[in-house]
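Observations on the three-dimensional arrangement
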Amino acid sequence: MQKTVMKNLQTLNVLPILALATLFIRISGSTSLRLLLTGPDMAYLGSRVTFWCTAIDSSPPVTYELIGDGGVLIGTDIDLEGDRGARFVLKVTATSEGSYHCTAAAGGSTGVSNSIKLTVVTPASNTRVTSEPFPPVAYEGSGFVLNCTTKGSHLSYTWFFNRKEVTSNTSPAFQLSGNKLVMGNVTFEHAGSYYCMATSRVQDTERFSNSAPVQLTVKVNISKPRISFSISKEGASYHGNVTCWSTRGSPPVNFSLSLDDREVGSVTATESLTAWFPVDMVPGLDMGEARCRVTTEVQELMSDPVTLVVVPVGGKVKMEVDYLYRADSELAAARLTCQVSRGTFPYVSWLFNNSVLPSETHVDSHIQPALSQYAVADHRRTLFLAKLGPEESGYYRCKARDSYDDSGPWVESPDMLVRVTDRYHNSMPPATPSTETPQNAPKTTIEAIAIAFCCFLLLTLAACVGCVYTMFDHEQAHAPVATTNPSLDALPLSSPQSQSEGNPADTSSTDSSVQNQVYRPAKHVTTLHRKENNRYNIIYR
């Protein structure tokens, strides 16, 4: 009985060992299959992908299973021939992304393949550009950011400025950062059209989506405003007008006018950088101090103050002439300037030999060509004689009156004679007022300097000759007897009279003077007395 019990216990102890051995044998047989899984690692959402699972050196039939993440069975396929493998076709959805592997069983053997991680790529769609700030308007010197927003995954971004691709070398102001285009210091050159393109790539297939273009407007900072005023006359009443303007900037801007620190008007300029304000004005009266203020979204500037005083034209009028020469010292033109001693708004008229020139107009421009040989500038205060010749020689003068009063009195300058002849084209023609000496001498040329130097040399030479002659005259005066010069030709000369001969009343004084002196040399008069044989005695007195 005890022996029987012992045998049963031994049998029970051996059974687990036999079970483990059997399991080991089965496991060893299942790993004998070698499997290979092939397929894509990226796929577009909505596309179809194919996985192939192949058992190497297996005996048919072979049963294949495709398993996804979490052990989810995707599909089953049986290869009855043993050399085809299994083909699994999947439609890619948002949940298709993950790892895949396959298993196979054949003739009591099993196998597990390698894993493939599938990435689902969503193509770009609904691409558009947004700006910071919005709307896309920036001022010079400010920062600006453009964003390329789209739906999709695994995207790259490309920016275009005026249909040209933006790269890191396009401009130092452009910085590419992901889906952003950053501009740190906007200038007027950055104004234009921008759009972005979002691109995805799966193997050799690219899909892209373009945004609609966005127009970036770069506003120019407004410059300091300027102020001016004018006056007009209607009947017996006067009307003033103040103009505020800026030379640089981007509208719209707001202009306001203050008079003695009190705002009297405001206007928004939407198409220009100029605004006008009507004001009360009377000639000769101080109407106050006016200033312009210009305001934009980011700026506020004030003009310099100006006093609203209209001084009537009056006082003296003076005209000056300058001659203009080319580089080769050839006379090119003459410039006549009319200077009015007082008057805020003078209207200047020019006259040549009492005829008005050029044709009278009220065009108050900076420069106004009238005729081919004449041109006026500086609001008619300057007259240019572009053609110089004898026909342009004559008397010139200017006159002035208030430009706002056509019936106002004139004040005139004296006539000035301007002589231009052919021989003056290489020298300096004179310009002389009819009643006074010239105020400004013409410009000195090289030729004039040379002529003046020659004249100086001649004068020096003449002075030297005069000194020698005086010394010789002094020696002859000491001779006690008059000398005779036989070499003189017989000429009918008359005896010039000395100052004492022309004035008999001075004879006595001369005689007394002679008595008080031992000798006095003759100074001025030399008399020739005719002698016989055509000879002359030279007597010095």
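All figures in this text were calculated on a predicted structure; none of them were measured in a lab. (Residues numbered from 1 in each chain as written. Predicted model: local features only at pLDDT ≥ 70, side-chain atom pairs only at ≥ 80, totals over all residues. Heavy atoms only, no water.)

**Some details on the sheet that holds strand 10 (residues 125-132)**
Put simply, the rule reads: One bridge is not enough; two strands pair if DSSP finds at least two bridges between them. A run of DSSP states H or I qualifies as a helix once it reaches four residues; a run of E qualifies as a strand once it reaches two. Both are numbered from the N-terminal end. Angles shown run from 0 to 180 degrees and are taken between the N-to-C directions of axes, each axis being a line fitted to C-alpha atoms and, for helices, limited to the stretch in contact.
Taking strand neighbours across the sheet as the criterion, the four strands line up as 10-12-16-15 in an open arrangement whose pairing is antiparallel. Here the strands that pair on one side only, and so sit at the sheet edges, are strand 10 and strand 15 (174-177). Between one strand and the next, the sheet's axes are offset by a mean angle of 15°, whatever the strand orientation. Where strand 10 meets strand 12 (residues 144-151), six bridges bridge the pair, whose relative direction is antiparallel. Across the sheet, Ser-125 pairs through a bridge with Lys-151, a residue of strand 12.

**Comments concerning a nonpolar patch on the surface**
Note the threshold: Exposure above 30% relative accessible area and the lack of any salt bridge qualify a residue for a patch; like charges then connect within 9 Å, and the nonpolar side chains Val, Leu, Ile, Met, Phe, Trp and Tyr within 5 Å. Computed with the Shrake-Rupley method and a 1.4 Å probe, the accessible areas treat only the protein chains shown as cover for residues. Salt bridge, as used here, is a side-chain nitrogen of Lys or Arg placed within 4 Å of a carboxyl oxygen of Asp or Glu.
Together, Phe-453, Phe-456 and Leu-457 line one region of the surface with nonpolar side chains, adding up to about 330 Å² of accessible area. As for its placement among the helices and strands, Phe-453 is situated in helix 2 (residues 446-477).

**Focus on the environment of Lys-180**
As a reminder, the rule being used: Burial classes: relative accessible area under 20% of the type maximum marks a residue as buried, over 50% as exposed, and values in between as partly exposed (1.4 Å probe, protein chains only). For this analysis, residues touch if any pair of their heavy atoms sits within 4.5 Å. Counting of polar contacts relies on pairs of N or O atoms within 3.5 Å, with two restrictions inside protein: one atom must be capable of donating a hydrogen and the other of accepting it, and residues adjacent in sequence are counted only when both atoms are side-chain atoms.
Mapped onto the elements of the fold, Lys-180 is located in strand 16 (residues 180-183). On the basis of relative accessibility, which here comes to 30%, the residue Lys-180 falls in the partly exposed class. Sequence separation between Lys-180 and Asn-147 is 33 residues, and the spatial gap between their C-alpha atoms is 4.7 Å. Filtering out sequence-adjacent residues up to four positions away, Lys-180 remains in contact with Glu-132, Val-145, Leu-146, Asn-147, Trp-159 and Gln-175. A distance of 2.6 Å separates a polar atom in the side chain of Lys-180 from a polar atom in the side chain of Asn-147.

**Remarks on the packing of aromatic side chains**
Cut-off, in case you're wondering: Pairing of aromatic side chains requires ring centres within 6.5 Å, counting the rings of Phe and Tyr and the six-membered ring of Trp. Pairs whose planes differ by under 30 degrees are stacked, by over 60 edge-to-face, and all others tilted. Here, a charge over a ring is recorded when the distance from Lys NZ or Arg CZ to the ring centre is within 6 Å and its angle to the ring normal is within 35 degrees.
Counted by the stated rule, this structure contains nine aromatic pairs. Relative to Tyr-194, the ring of Phe-161 has its centre 4.6 Å away and its plane inclined at 20°; by these criteria the two rings are stacked. Here Phe-161, found in strand 13 (residues 156-161), pairs with Tyr-194, found in strand 17 (residues 192-202); they are 33 residues apart in sequence, far enough to count as distant. The pair Phe-161 / Tyr-194 is uniform in exposure class, with both members buried. What links up through ring pairs into an aromatic cluster is the set Phe-161, Phe-174 and Tyr-194. The side chain of Arg-207 reaches across the aromatic face of Tyr-44, ending 4.2 Å from its centre.

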